[in-house]
Every structure is written in structure tokens, then in C-alpha cells.
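So you can see what is in the structure, the chains are spelled out below.
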Amino acid sequence: MIDVERIDALFNPKGVVVVGASTHPGKFGFVALHNILSSGFDGPVFATNPNKPEILGMQTLERIQDVPPGVADFAMICISPNQIMDALPELAKIGITSAFVVSGGFKETGENGEALEKQLVAKAEECGIIIAGPNGQGLVSTPVNLCSQIVSPYPPRGHISIASQSGNILSALMNLSRLSNIGIARAISVGNQGQINLSDYLDYFLYDSETAVAVIYVEGIPDGRRFYESLKSLACKKPVIIIRGGSTESGAIAAASHTGSLASDFLIFAAIVRQAGAFLVNGVESAFNLAATFSTQPLPKGNNVVVMTTAGGWGVLTADAISGTNLELLELPNNLKAIIDSLLPPRWSKNNPVDLAGGETRDTIPDLLSVLLEHESVDSLIFLGLGIQGNVARSYFESPYANEGTERMANFHTSQEQRYAESIIAATHKYRKPVLVSSELSIADPNNAGPKTLRDHGFLCYDSPDKAVQCLSRLVNFAEAQDR
């Protein structure tokens, strides 16, 4: 077990040294330095290269000993395995207490590599340095503007934290963060877990005030009991989402060659996750959607949901999706129906889903949102149909028959979509109730003013009602667990 305060030096270093910086844009030592500099890390940055070239406007240093002592406490190590053993004592002398080892060639390669990894860990412990990795892509810590990794995605700042046994899975989650504008706090590719393992990162996420929700990609765990205890402790306080790789025989073989991990029986693992109170999901997109939901939505007080829709068919499908969950499609109280009657034409659905039946005017959607959310029987709301007016606007903007009249109407539709999205966000904050929005236009036309306004404000727009329903269901699950 690694003390969480020591792990904090990985994510909140006062200064960074890139060991093995390179002049070649295709080398790890160049990419790592480039990303650290371009992300605008808050502290001093140093880089070593025996030839002392200038890289990215920075004069590199010939030796680790040339770095001023006591100024940096984190090292990004991009040199070959046989050089690292000699580098660690020198790093300790200048005050390095934590490091990320990018290099492969350790446990994932077999017995000889495993022996070398044990030597690496022993040397690091002897020097008082904690080692993340080896055989990983690096880490991100947005609160200190640190992107210390050998790949490109740098996400916006937020409160989702990730520990992944796959660098590519980590990159995919950060790419989804960039796409949705829903941010990340900490993210790390754990590599072979030579010294710091997933359980240690779970402990850290519990300790870390920047982390509101955690996502973990797991291929194998060396100590199941320790993992369960750490997972349970974290899941009691913060939502934890687990993606499991190696759940099949073929996947388990692939995991063994990937990070040297031995996958445990999937059914046993699923039971452990469920008993700990975490959420096991099937894929990267599902994991990110759920994390984004927890990161951006308040917890509901109950399971009564209202579906508000400008498109009848979507309302029917959403009601079907709700019927298979712990959510309750609220039977509208008479006093609520009476208020809705005053806002909508007589042809509205008179039921839940509340189908506007094309009866919306300039103010109908913002007003109806407030009416529904302020009612004490309503715990959450799913909104369907955002972007429909924006879709009409696009057809006018693209039309060969465009004229002053169509342009005026297109601009009106666009402004209305923006207004609807802003009213959804404002209502969520005002009433402290979840409002989940679904529109296929979030991917079919990302520039549509409705979904785009949500995205610009860091508010998720689901591309199908099924996804919104599943995320809301788990939001209710966690809220109930917190109440207990």
C-alpha cells in the first residue's frame, strides 16, 4: 500500500524533469516534453539529454545532476530500462519523490522482464521514489495544467478521474471528454502496476477533493481482497464506474500479453463490483456517459421521472426503456395536469410522457420546464426533441431558395434552440433536480444550436433516450445508496 500523500506528488508536483528528452518529434522524449510545455504546467520544467540540444525553445541539461536540487519532485522517465537503474539514485539526490516510467520491456515481456521490473521497484524503494508504470503512456492532472504523457489528448478541466490498465482506453475516455466538453481531473495509465496498483489509485481518488467520480479500466488485479476494500471505501463516498477487459477467454489471453495481467473469473469479479457498490459497464462510451452524468447532474431525491417531448415517437420509446428499470414514470397529479393544460393546446397527451404535440410557442418549453421541476412529485426529467427547430434552420441556411424571410426564420429557430438549452441548464441548477437531454442531433449535427449550447456549457446531450434512461437509473441507484 502506497501512502496517498506520496501519490499526490504524481498529480500535484511542484516541478517536473523529463529524463531522456529528444529532438525527434516521433520519440517519446519529445512528445512528453512537448505536452508538458504546451499544457502550461504551473511549475518549473527541466529536461535532460546527453548532447544538450535546445528543444522547443528549452535548453536541455546534460545530466540529471545539473537540475537544481529541491526545485522538482516528479520525473517523466523516457529512457531505456537498462539506464533507469542508474538514473534513480541521481533523481533522488535532486529531490525527486515520484516518477512515471514510460519504457516497456518489463513484466509484459515474460520472466526476464518480470525480474527486471522487480529490480526497478526495489531500486525505487531504496531511493525513496514511487514509480508509476512501467510500460504506460503517462498521466494528466488538469488542476495543475499537467499533461505528462506520450500521446496527445489533453482534456478540459473537470471532476472525473480515471485509472486505466490500457493507455488507449484512457485516450478514448479523454477524447470523449474533449468531444463533450465535460472535464477530467486526474487520469493515469497505470501500466504494469509495478509498485503503485489500481487499489492505490482508488485510495487516492477517495482522498482527492478534485475527484467527484472515478472510472477504472481493469484487466487483472493482483490482490482481490485489497481491491475490494479500496473499491468499497471509494464507492461509499463517490460513484465508481468499472470497465472490465478480459471478461472472455480470448480477452484474458490478450490481457496477459498486454500488461502481464492475469484476468480473474468474470462472474466473481462482477459480484465483487456489485457488492462494493460500484457500477460495471460494458464499454468506453457507456462508462464516459455515466461518469459525465454523475459529474454534471444533481442526485435525485426519488425515482419519479417525467418525460417531456416535442416528438411523440421518442416519448413512447423512452417510456418503454423506463419500464425495464428502477425508474417510475410518474402518473401526473391532477393539480400538475391543470397547470400543463394552461400552457399547452388541448391536444397534448394528457399523460406522462408529456407530449407537446407541436403546441410550443416562444416561451412554452422554458415555462413548462419550470412547472414540472418545481412540483414536489417530480424527482427528475428527461427532455426529448432539442434541436428540431435548429434542424429546420439548417435546411433554410443551406437552401438554394434562401431569401430574407427564410434567413429571418432560421435565425429565430437558432436563437430559440440556444434559449431552450440555456433554460434546461438553468432549471437543473435552480431546482437541483436532474434534467437529462437526448437528441440524435448531438452526433448527426454537432453544430445544431441546441446540442451545441449544452456542450459549450459542459452539459451532456445523450444521442439516444436509452442511454439517458440507463444513466438516470444509476443516478437513482447511487442516491438511494447514499441515503442508506
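Presented here is an overview of the structure given in this document. (Residues numbered from 1 in each chain as written. Predicted model: local features only at pLDDT ≥ 70, side-chain atom pairs only at ≥ 80, totals over all residues. Heavy atoms only, no water.)

1. Brief notes about the overall build of the chain
And then number 1: Summing up its helical and strand segments, the chain has 18 helices and 20 strands in all.
And then number 2: Relative to the compact-globule value of 23 Å for 484 residues, the chain shows a C-alpha radius of gyration of 26 Å, a close match.
And then number 3: Dimensions of the chain, computed from the C-alpha atoms along their principal axes, are close to 80 × 55 × 40 Å.
And then number 4: Burial statistics for the chain: of 484 residues in total, 57% are counted as buried.
And then number 5: Considering only contacts within the chain whose residues lie at least 6 apart along the sequence, 74% involve residues at least 24 apart.
And then number 6: A total accessible area of about 19900 Å² is found for the chain, and carbon and sulfur atoms account for 50% of it. (Helix = DSSP H or I, 4+ residues; strand = E, 2+ residues; numbered from the N terminus. Rg over C-alpha atoms; globule rule 2.2 N^0.38 Å. Buried < 20%, exposed > 50% of the residue type's maximum accessible area, 1.4 Å probe, protein only. Contact = heavy atoms within 4.5 Å. Areas by Shrake-Rupley, 256 points an atom, 1.4 Å probe, with all protein chains shown as cover.)

2. Concerning helix H3 (residues 81-93)
And then number 1: A bend of about 35° at Ala87 is the largest found in H3, and the proline Pro89 appears one to four places after it.
And then number 2: Among the residues of H3, those classed as buried are Pro81, Ile84, Met85, Ala87, Leu88, Glu90 and Leu91.
And then number 3: At the C-terminal side of H3, Gly95 shows a positive phi close to 100°. (Bend = angle between axes of the 7 residues up to and from the residue.)

3. Some points on the pairing of strand E11 (residues 184-189)
And then number 1: With six of six residues buried, E11 lies mostly within the body of the structure.
And then number 2: The sheet contact formed by strand E8 (residues 138-141) and E11 spans three bridges and is antiparallel. Bridge pairing links Val140 to Ala187 in E11.
And then number 3: Here strand E10 (residues 157-164) runs beside E11; their pairing, made up of five bridges, is parallel. Residue Ala163 lies in a different strand from E11, and its bridge partner there is Ile188.
And then number 4: In the classification by handedness, the crossover that spans E10, the intervening helix H5 (residues 167-180) and the parallel E11 is right-handed. (Pairing = 2+ DSSP bridges. Right-handed = clockwise from strand over helix to strand, strands pointing away.)

4. Quick notes on the sheet that holds strand E1 (residues 16-19)
And then number 1: Taken in spatial order, the five strands line up as E2-E1-E5-E6-E7 in an open sheet, and their pairing is parallel. Here the strands that pair on one side only, and so sit at the sheet edges, are strand E2 (45-48) and strand E7 (130-132). Between one strand axis and the next, the sheet turns by 20° as a mean value, whatever way the strands run.
And then number 2: Taken strand by strand, helix H1 (residues 4-11) contacts strand E5 (74-77), strand E6 (98-101) and E7, and its axis lies near 55° from that of E7.
And then number 3: Against the sheet, H3 touches E1, E5, E6 and E7, its axis set at about 165° to E5. (Axes fitted to C-alpha atoms, helices over the stretch in contact; angles between N-to-C directions.)

5. Quick look at the sheet that holds strand E12 (residues 213-218)
And then number 1: Spatially, seven strands are ordered E9-E8-E11-E10-E12-E13-E14 in an open sheet, and the strand pairing comes out mixed. The open sheet has two free edges, formed respectively by strand E9 (146-149) and strand E14 (279-281), since each of these has just one partner strand. With strand direction ignored, the average angle separating the axes of adjacent strands in the sheet is 20°.
And then number 2: Packing against the sheet, helix H10 (residues 284-296) makes contact with E10, E12, strand E13 (240-244) and E14, and its axis sits at approximately 175° to E13.

6. Examining a nonpolar patch on the surface
And then number 1: Taken together, the side chains of Val392, Tyr396 and Met409 define a hydrophobic patch exposed on the protein surface, amounting to about 220 Å² of accessible area.
And then number 2: Here Tyr396 is to be found in helix H14 (residues 388-398).
And then number 3: When its relative accessible area of 30% is taken as the criterion, Tyr396 is described as partly exposed. (Patch = residues over 30% accessible without salt bridge, like charges linked within 9 Å, V, L, I, M, F, W, Y side chains within 5 Å. Salt bridge = Lys/Arg side-chain N within 4 Å of Asp/Glu carboxyl O.)

7. Details of the nonpolar core
And then number 1: Core analysis: the biggest nonpolar cluster contains 52 residues, and Leu10, Ile188, Tyr201, Val240 and Ile242 have the highest contact counts within it.
And then number 2: The residues touching Val240, leaving out its near neighbours within four places in the chain, are Leu202, Ala214, Ile216, Leu231, Leu234, Ala235, Ala278 and Phe279.
And then number 3: One finds Ile243, Val305, Leu460 and Ala468 within the second-largest nonpolar core, a separate group that totals 43 residues. (Core = buried A, V, L, I, M, F, W, Y, C linked by side-chain atoms within 4.5 Å.)

8. Section: the environment of Asn181
And then number 1: Mapped onto the fold, Asn181 is located in the loop between H5 and E11.
And then number 2: Each C-alpha atom of the pair Asn181 and Val240 lies 20 Å from the other, and the pair is 59 residues apart in sequence.

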